[in-house]
Amino acid sequence: MMAKHEELRATALACAACPLVDTRTQVVFARGSPEAKLWLIGEAPGAYEDKQGQPFVGRAGELLDKILAATGIGQDEVFITNTVLCRPPGNRVPTNEEITACSVHRNALLDLWKPPLVVLLGATAARVFLGGNRLGDLRGQRVERDGRVYYATFHPAYLLRDPSKKALAWKEWQAIRDAFRQLAPDTEGEAARNAASLMPYLDQVIDTPQGTGRLVQVFRDASAVVLDREPRKVTRFPTAVLSQMLAHRRAV
Ligand code: URA
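Residues numbered from 1 in each chain as written. Predicted model: local features only at pLDDT ≥ 70, side-chain atom pairs only at ≥ 80, totals over all residues. Heavy atoms only, no water.

*Asks:* Help me understand the site of the ligand in this model?
*Replies:* Inspection of the region around the ligand gives Gly-42, Glu-43, Ala-44, Pro-45, Glu-49, Pro-55, Phe-56, Asn-82 and His-155 as its neighbouring residues. Separating an oxygen atom of the ligand from a backbone N or O atom of Glu-43 is a distance of 2.8 Å. A distance of 2.7 Å separates an oxygen atom of the ligand from a polar atom in the side chain of His-155. Burial of the ligand by the protein amounts to 92% of the accessible area it has alone, namely 240 Å². Each residue belonging to the shell around the ligand can be placed in one class, and the counts come to four nonpolar, three polar and two charged. (Near = heavy atom within 4 Å. Polar contact = N/O pair within 3.5 Å; in protein donor to acceptor, adjacent residues only side chain to side chain. Areas by Shrake-Rupley, 256 points an atom, 1.4 Å probe, with all protein chains shown as cover. Nonpolar A, V, L, I, M, F, W, Y, C, P; charged D, E, K, R; others polar.)

See the structure below:
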């Protein structure tokens, strides 16, 4: 399957089927693992993505990564791509012609890997996969179609423009996380994964006399920063995990 995947990638990277070929720097194919049970599909690459050749690496991508970290879903557990693989000039919404031209790549990938769970980020992806309904009508609902489960949620760029929607988004992401963990039980342990994503904050507490109690507080603060939401429950970071991390950091 990986050989076929590489073939599809090579075809996509050389695609000249729509006018975006004239303005793009490069085709932005995907990042993550195509075997992942969870696929995230956005709208189209922006300026950073066009430059770097990777989807969701600008500010919206940063927020998406924080959201994933907050859910405890690892970067290796997702495959991230876009409805359209080339940047529309000025980041305009892709045209129907561009979306249709790109469906060849999109459908071939979906047919090859058959991801059971697909999250549609924003109105364009929701419209392309689920039809003409407004994003507001589709958001947060589990939709079973084509033998897979879809969830539509806010585009992270929208959340950057309207942070008041983050609380709603977080509810939707919790539902997505739960649906995903039914398909892919967390063998590594969510607490450990979350703790790892918050490793940088350890530097703030290492060598303080307050020890683990202070550490727990920092983790609360750090996770609140992640999505501007209620601090997560401390029980998500068992003392054993925290002590292990502390010991590890001291040893480095
Ligand atoms: N917005 C998208 O929809 N996709 C990206 O890759 C980046 C920003």
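*Asks:* Sorry, what's going on with the nonpolar core here?
*Replies:* Side chains of nonpolar character tend, in soluble globular proteins, to be buried together. Counting 33 residues, the largest nonpolar core has Trp-39, Leu-109, Leu-120, Phe-129, Leu-130 and Tyr-150 as its most contacted members. Mapped by element, the contributors of at least two residues to this core are α1 (2-13), β2 (38-42), α4 (96-113), β4 (117-121), α5 (123-130), α6 (135-138) and β6 (148-153). Ranked by the residues each element gives to this core, the list is headed by α4, at seven residues. When near neighbours in sequence (up to four residues on either side) are disregarded, Leu-120 contacts Ile-41, Ala-125, Ala-126, Phe-129, Leu-130, Tyr-150, Tyr-151, Ala-152 and Thr-153. Formed by 26 residues, the second largest nonpolar core is a distinct cluster that contains Phe-56, Leu-63, Val-119 and Leu-159. (Core = buried A, V, L, I, M, F, W, Y, C linked by side-chain atoms within 4.5 Å. Buried < 20%, exposed > 50% of the residue type's maximum accessible area, 1.4 Å probe, protein only. Helix = DSSP H or I, 4+ residues; strand = E, 2+ residues; numbered from the N terminus. Contact = heavy atoms within 4.5 Å.)

*Asks:* Looking at this structure, I do not really get the pattern of salt bridges. What am I missing?
*Replies:* Oppositely charged side chains may form a pair once their charged atoms are brought near each other. Scanning all chains against the criterion turns up ten salt bridges. Of the charged contacts in the structure, one is a salt bridge between Arg-134 and Asp-137, with a shortest N-O distance of 3.8 Å. With a relative accessible area of 57%, Arg-134 lands in the exposed category. In this structure, Arg-142 and Glu-144 form a salt bridge, with 3.3 Å as the shortest nitrogen-oxygen distance. The class for Arg-142 is partly exposed, based on a relative accessible area of 48%. (Salt bridge = Lys/Arg side-chain N within 4 Å of Asp/Glu carboxyl O.)

*Asks:* Just checking my understanding: could you explain the packing of α1 against α4 for this structure?
*Replies:* Any two packed helices are characterised by the angle at which their axes cross and by the distance between the axes. The contact between α1 and α4 brings their axes to 11 Å, and the two run at 175°. Comparing the axis directions of α1 and α4 gives the class roughly antiparallel. Of α4, the residues touching α1 (which contributes Met-2, Lys-4, His-5, Leu-8, Thr-11 and Ala-12) are His-105, Ala-108, Leu-109, Leu-112 and Trp-113. Looking at the contact of α1 with α4 residue by residue, the class counts come to seven nonpolar, three polar and one charged. (Axes fitted to C-alpha atoms, helices over the stretch in contact; angles between N-to-C directions. Parallel < 35°, antiparallel > 145°, perpendicular 65-115°, else oblique.)

*Asks:* Even after reading the chapter, I still don't get the environment of Phe-56, so can you show me in this structure?
*Replies:* Within the element layout of this structure, Phe-56 appears in the loop between α2 (47-52) and α3 (59-71). Sequence separation of Phe-56 and Ala-44 is twelve residues, and the distance between their C-alpha atoms is 9.2 Å. If sequence neighbours within four positions are ignored, Phe-56 has contacts with Arg-31, Gly-42, Glu-49, Gly-61, Leu-64, Ile-80, Thr-81, Asn-82, Leu-121, His-155 and Pro-156.

*Asks:* I'm lost on the sheet that holds strand β3 (residues 78-82) in this one. Help?
*Replies:* Sheets are built from strands that pair by backbone hydrogen bonding, the pairs being arranged parallel or antiparallel. Overall, mixed pairing links the six strands, which are arranged β1-β3-β2-β4-β6-β5 in an open sheet. Each edge of the open sheet is held by one strand with a lone partner, namely β1 (31-32) and β5 (142-145). Pairing between β2 and β4: four bridges, direction parallel. The residue bridging Leu-40 from the neighbouring strand is Val-119, located in β4. Here α5 sits on the sheet and contacts β2, β4, β5 and β6; the angle it forms with β4, its principal contact strand, is near 130°. (Pairing = 2+ DSSP bridges.)

*Asks:* What's the story with the pairing of β2 in this structure? I'm lost.
*Replies:* Here is the key point about a regular strand: its side chains alternate between the two faces of the sheet. Counting buried positions along β2 yields five of five residues, so the element is predominantly enclosed. Burial along β2 is two-sided: Leu-38, Leu-40 and Gly-42 facing one way and Trp-39 and Ile-41 facing the other are all buried. Where β2 lies against β3, five bridges are found, and the strand directions are parallel. Residue pairing across strands places Ile-41 opposite Thr-81, the latter belonging to β3.

Scope: geometric values only; no functional claims are made or implied.
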